[in-house]
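# Coordinate inspection notes
Residue-level listing of the chains:
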Number of protein chains: 2
Amino acid sequence: MSAPHVACPVERTLRAVDGRWTTLIIRELLRGPHRFGELRDRLPTLSAKVLTDRLRTLEERGIVSRTALRGAPPAVVYALTEDGRRLEAVLDALWDWGTGR
Amino acid sequence: MSAPHVACPVERTLRAVDGRWTTLIIRELLRGPHRFGELRDRLPTLSAKVLTDRLRTLEERGIVSRTALRGAPPAVVYALTEDGRRLEAVLDALWDWGTGR
């Protein structure tokens, strides 16, 4: 019995936002680029390890970009890619249905 | 470290559509009420057991209703509840993002 083929766009999107905390991180980055520390301040119940793992996964999925800023002190900024920003409509639809229950 | 609280509407919606085949079953039922056999015809790669389990879960989640029709031969019809029909906007948003990649 073959699983719903990953070619199915709905399944692809569910995989992109899959994983605990993923949607919360995307929602924060929809407000704009953040440094790691700022994300930690915004998501206090998230450990540094989990946040690091999720950001790496989102980078691999092409949803988040990671940019090292020049100058001192060195800093890394996380931002949504174009695909990442397009997830706003998905999060809105998920939010609307969830609040309607 | 507490998980995203199930009160979060986005998490609630993700849970509602969670589970392999769930979105495919909902998409079929968006076309209208179906009998079990019709759903099996529409989703040939899905075993009867998996379809039965998923329909029961969707019933428990308040997304699908199950109605026993009077008359002969006895028949059972599955349909989306109002909450179920409201998932159309979610599936559309998931589809749009997935096809945009």
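These figures come from a predicted structure and were not determined experimentally. Residue numbers run consecutively from 1 along every chain, following the written order of its sequence. Just so you know, chain letters begin at A and ligand numbers begin at 1, following the order they were written in. In keeping with the predicted nature of the model, local features appear solely for residues at pLDDT of at least 70, side-chain atom pairs appear and are counted solely at 80 or more, and the whole-chain, interface and lining totals rest on all residues. Each side-chain value is derived from all of the structure's non-hydrogen atoms; neither hydrogens nor water enter the calculation.

## Remarks on the overall build of chain A
Test applied: Runs of H or I in DSSP of at least four residues are treated as helices and runs of E of at least two as strands, each being numbered from the N terminus. Residues are treated as being in contact if the distance between any of their heavy atoms lies within 4.5 Å. Here the accessible surface of atoms and residues is derived via Shrake-Rupley with a 1.4 Å probe, and residues count as covered only by protein chains that are part of the display.
Across its full length, chain A holds five helices and three strands. Counted from the first residue to the last, chain A has its helices and strands arranged as α-α-β-α-α-β-β-α. Across its three principal axes, chain A shows a C-alpha extent of roughly 55 × 30 × 25 Å. For chain A, restricting intrachain contacts to residue pairs at least 6 apart in sequence, the fraction spanning at least 24 positions comes to 48%. For chain A, the exposed area adds up to about 5500 Å²; of that, 51% sits on carbon and sulfur atoms.

## Examining the interface of chain B and chain A
Here is the rule we go by: When two parts are brought into contact, each loses some accessible area as probed by a 1.4 Å sphere; the total of that loss over both is the buried area. For this analysis, a salt bridge means a side-chain nitrogen from Lys or Arg found within 4 Å of a carboxyl oxygen belonging to Asp or Glu. N or O atoms within 3.5 Å of each other form a polar contact, as long as, within protein, one can give a hydrogen and the other can take it, and as long as residues adjacent in sequence are counted only when both atoms are side-chain atoms.
Each side of the interface is counted separately: chain B has 38 residues, and chain A has 38 residues. The contact between chain B and chain A buries some 3400 Å² in all, and 67% of this surface belongs to carbon and sulfur atoms. Where chain B touches chain A, the interface holds one salt bridge. One salt bridge connects Asp83(A) with Arg101(B), and the closest N-O pair in it is separated by 3.0 Å. On the surface where chain B and chain A come into contact, there are 14 residue pairs in polar contact (both at pLDDT 80 or more).

## Details of the relation of the copies chain B and chain A
For clarity, the threshold we go by: Alignment of the copies relies on least squares applied to C-alpha atoms, considering only residues that score at least 70 for pLDDT in both.
Least-squares fitting of chain B to chain A yields an RMSD of 0.0 Å, with the superposition described by an axial translation of 0.0 Å and a rotation of 180°. Within this description, the copies of the chain are treated as partners about a two-fold rotation axis. A shared interface surface links the copies, since 100% of the contact residues of chain B are contact residues in chain A too.

## Quick notes on the sheet that holds strand β3 (residues 75-80) of chain A
Residues and elements named next belong to chain A. To be explicit about the condition: Here the rule is simple: two strands pair whenever DSSP picks up at least two bridges between them.
Judged by pairing direction, the sheet is antiparallel, and its three strands sit side by side in the order β1-β3-β2 without closing on themselves. The two strands at the open ends of the sheet, each matched to only one other strand, are β1 (34-35) and β2 (64-69). When β2 meets β3, the two strands line up antiparallel, connected through six bridges. Directly across from Ala68, in β3, lies its bridge partner Val76.

## Side note on the side chain of Glu11(B)
Among the secondary structure elements, Glu11(B) is positioned in helix α1 (residues 9-16). Only 2.9 Å separates the side chain of Glu11(B) from the side chain of Thr23(A), close enough to count as a polar contact.

## A short note on the sheet that holds strand β3 (residues 75-80) of chain B
All names here are of chain B. Note the threshold: What counts as an axis is a line fitted to C-alpha atoms, over the stretch in contact for a helix, and the angles between N-to-C directions run from 0 to 180 degrees.
Spatially, the three strands line up as an open sheet ordered β1-β3-β2, and their pairing is antiparallel. Sheet topology places β1 (34-35) and β2 (64-69) at the edges, where each strand pairs with a single neighbour. Direction of pairing for β1 relative to β3: antiparallel, over a ladder of two bridges. In the sheet register, His34 faces β3, and the bridge partner there is Tyr78. The strands touched by helix α2 (residues 22-29) are β1, β2 and β3; relative to β3, the strand with the most contacts, the crossing angle is about 100°.

## Section: the environment of Arg66(B)
Residues and elements named next belong to chain B. One can find Arg66 in strand β2. For the pair formed by Arg66 and Ala79, sequence separation is 13 residues and the distance between their alpha carbons is 6.7 Å. Setting aside residues up to four positions removed in sequence, Arg66 forms contacts with Glu59, Val76, Val77 and Tyr78. Separated by 3.3 Å, the side chains of Arg66 and Tyr78 make a polar contact.

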